[in-house]
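Observations on the model geometry
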Amino acid sequence: MARLSQWLLASTAAVAMMAGSAQAQEPNRFIMVTHGIPSDPFWSVVKNGADEAAELVGARLEYRAPSTFDMARMQQLVDAAIASSPDGLILSFTDEDALGSVVQRATDNGIPVITINSGGDVSGNYGSRLHVGQSEYEAGRLAAERMQELGVEKGVCINHEQGNQGLDQRCDGFVDGFDGNADQLATTYDPTGIRSALVAYLNQNSDVRGVLALGALAADPMVRAIRDEGALDMFTIGTFDLSPSILQAVEAGEIDFAIDQQQYLQGYLPVMFLDQYARHGLLPAGDVATGPGFVTQENAAQVIELSNQGIR
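The present account deals with the structure reproduced in this document. (Residues numbered from 1 in each chain as written. Predicted model: local features only at pLDDT ≥ 70, side-chain atom pairs only at ≥ 80, totals over all residues. Heavy atoms only, no water.)

A short note on the overall build of the chain
- Scanning the chain from terminus to terminus reveals 11 helices and 12 strands.
- A principal-axis box enclosing the C-alpha atoms of the chain has dimensions of 95 × 40 × 30 Å.
- Burial statistics for the chain: of 312 residues in total, 50% are counted as buried.
- Summarising the internal contacts of the chain: among those between residues at least 6 apart in sequence, 73% fall at separations of at least 24.
- Surface accessibility of the chain: about 14,000 Å² in total, with carbon and sulfur atoms responsible for 48%.
- A distance of 8 Å separates the average location of the 18 positive side-chain charges in the chain from that of its 40 negative side-chain charges. (Helix = DSSP H or I, 4+ residues; strand = E, 2+ residues; numbered from the N terminus. Buried < 20%, exposed > 50% of the residue type's maximum accessible area, 1.4 Å probe, protein only. Contact = heavy atoms within 4.5 Å. Areas by Shrake-Rupley, 256 points an atom, 1.4 Å probe, with all protein chains shown as cover. Lys, Arg positive; Asp, Glu negative; His and termini not counted. Charge placed at Lys NZ, Arg CZ, Asp CG, Glu CD.)

Written out as structure tokens, the structure reads:
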């Protein structure tokens, strides 16, 4: 009995030491840097996905973004992230010239990088482990095909962030999908400026019947402008990405379709992947496509329910 008691005491002490060691182990720390400005509802859903994944795996997630679309500032944020030596870096790769060298520096310093949303066609050249997102060019081309199926012969793509290579590729795909029979309309993300530029363009190009926005920042003023002109029935209207206002407009028939790239997964999956990589050295063997998909009046109600939960 004495020996059994001694063995139980020793075993209990060993378990306690192991538990103490596990408690002392620091959680994995991941940093996500995106170009998404605070007023863009798209990125709040991305962050929701990343936050939930971090909570599930017990990781620390730090989300950083510039206050405006500013590649120099974003580069500074990535440099600061690398200097803090995180266990993984998640990055929207919006500009190869601005961000390629910093991604390479991260990988050279042993920091695994996963890119999201933009730049999946080139980020691997700088050591990114994989990309989570959609082919922006292909999504733009599919938007043009859908408009042509609805009878549109000429369209316009509103680009509110020229220089964002993902948005540029969307418009390029759209124009090519129309065999060049479409234009790009460059604006800022100022709603008043978008409205004025669009109304002026449509007045000068009366044969245009398809209008494509690249996100909520442009879609909302686009719909308001066309609605206020009493011209909703004259145009086929599409947009990239989802927001509560976009989904309401789709359900009401004011927007004909919205292209969904499931941005929640663009936040959620990279955190899960990096956690598995840090723990076990495991990663998917290739990029992960989260889109494109189409939300129309037929399926908008279901998506609205998920949007109310911060998931779509």
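Topic: the pairing of strand S9 (residues 236-240)
- Counting buried positions over the 5 residues of S9 gives 5, a clear majority of the element.
- What you see with S9 is no split at all: Thr-236, Gly-238 and Phe-240 on one side and Ile-237 and Thr-239 on the other are buried throughout.
- Viewed along the sheet, the connection from strand S8 (residues 210-213) through helix H8 (residues 216-228) into S9 turns out right-handed.
- Summarising the sheet, S9 and strand S10 (residues 257-260) pair through 3 bridges and their orientation is parallel. Paired with Thr-239 across the two strands is Ala-258, which belongs to S10.
- Taking the sense of rotation as the criterion, the β-α-β connection linking S9, helix H9 (residues 244-251) and S10 turns out right-handed. (Right-handed = clockwise from strand over helix to strand, strands pointing away. Pairing = 2+ DSSP bridges.)

Quick word on the packing of aromatic side chains
- In this structure the tally under the stated criterion is 5 aromatic pairs.
- Centroid distance Phe-42 to Trp-43: 5.1 Å. Interplanar angle 75 degrees. Geometry classified as edge-to-face. Residues Phe-42 and Trp-43 agree in their burial class; the two are buried.
- Judged by centre distance (5.5 Å) and plane angle (70 degrees), the ring pair of Phe-257 and Phe-294 falls under edge-to-face. One end of the pair, Phe-257, is in strand S10; the other, Phe-294, is in strand S12 (residues 293-295), and 37 residues separate them in sequence.
- Looking at Phe-257, the relative accessible area reads 0%, which means it is buried.
- Positioned above the aromatic ring of Phe-294 is the side chain of Arg-146, whose terminal nitrogen or guanidinium carbon lies 4.5 Å from the ring centre. (Phe/Tyr/Trp six-rings, centres within 6.5 Å; stacked < 30°, edge-to-face > 60°. Lys NZ or Arg CZ within 6 Å of the ring centre and 35° of its normal.)

Quick word on empty space enclosed by the protein
- Under the criterion given, the structure shown has 1 cavity of 30 Å³ or more.
- The computed volume of the largest cavity comes to approximately 170 Å³.
- Along the wall of the largest cavity there are 20 residues; nearest its centre are His-35, Asp-40, Trp-43, Leu-167 and Asp-241.
- Among the elements of the structure, helix H2 (41-57) and helix H6 (165-177) are those that each provide at least two residues to the lining of the largest cavity.
- Ranked by residues supplied to the lining of the largest cavity, first place goes to H6 with 3 residues.
- Of the residues in the lining of the largest cavity, the class split is 6 nonpolar, 9 polar and 5 charged. (1 Å grid on protein atoms, 1.4 Å probe; cavity = no way out; pocket = protein on both sides within 12 Å on 5 of 7 lines; lining within 4 Å. Points joined across faces, edges and corners; volume = space filled by probe spheres on them. Nonpolar A, V, L, I, M, F, W, Y, C, P; charged D, E, K, R; others polar.)

Considering the state of the cysteines
- For the structure shown, the criterion picks out 1 disulfide.
- A sulfur-sulfur distance of 2.0 Å marks the disulfide that ties Cys-157 to Cys-171. Of note, the bridge from Cys-157 to Cys-171 carries an S-S torsion of about -80 degrees and is left-handed in sense. You can see Cys-157 sitting in strand S6 (residues 155-159) and its partner Cys-171 sitting in helix H6, a full 14 residues away along the chain.
- Note on Cys-157: relative accessible area 0%, which makes it buried.
- Cys-171 gets classed as buried once you look at its relative accessible area, which sits at 0%. (Disulfide = S-S within 2.5 Å.)

Points about the pattern of salt bridges
- The tally for this structure, following the rule as stated, stands at 14 salt bridges.
- The salt bridge partner of Arg-64 is Glu-62, with a shortest N-O separation of 2.6 Å.
- Here Asp-79 and Arg-105 are joined by a salt bridge, their closest N and O atoms 2.3 Å apart. Highlighted residues: Asp-79 in helix H3 (residues 71-83) and Arg-105 in helix H4 (residues 96-108), separated in sequence by 26 residues. (Salt bridge = Lys/Arg side-chain N within 4 Å of Asp/Glu carboxyl O.)

What about the layout of surface pockets?
- What the largest pocket holds in volume is close to 180 Å³.
- Lining the largest pocket are 13 residues, with Leu-202, Asn-203, Glu-229, Ala-231 and Phe-235 positioned closest to its centre.
- Mapped by element, the contributors of at least two residues to the lining of the largest pocket are helix H7 (191-204) and H8.
- Among the elements that take part in the lining of the largest pocket, H7 stands out by supplying 4 residues, more than any other.
- In terms of residue class, the lining of the largest pocket is made up of 8 nonpolar, 3 polar and 2 charged.
- Counted as a void, the second largest pocket has a volume near 150 Å³.
- Taken together, Gln-25, Glu-26, Pro-27, Asn-28, Val-57, Gly-58, Ala-59, Asp-275, Ala-278 and Arg-279 make up the lining of the second largest pocket.
- When residues in the lining of the second largest pocket are grouped by element, the largest group, 3 residues, is from helix H10 (residues 263-280).

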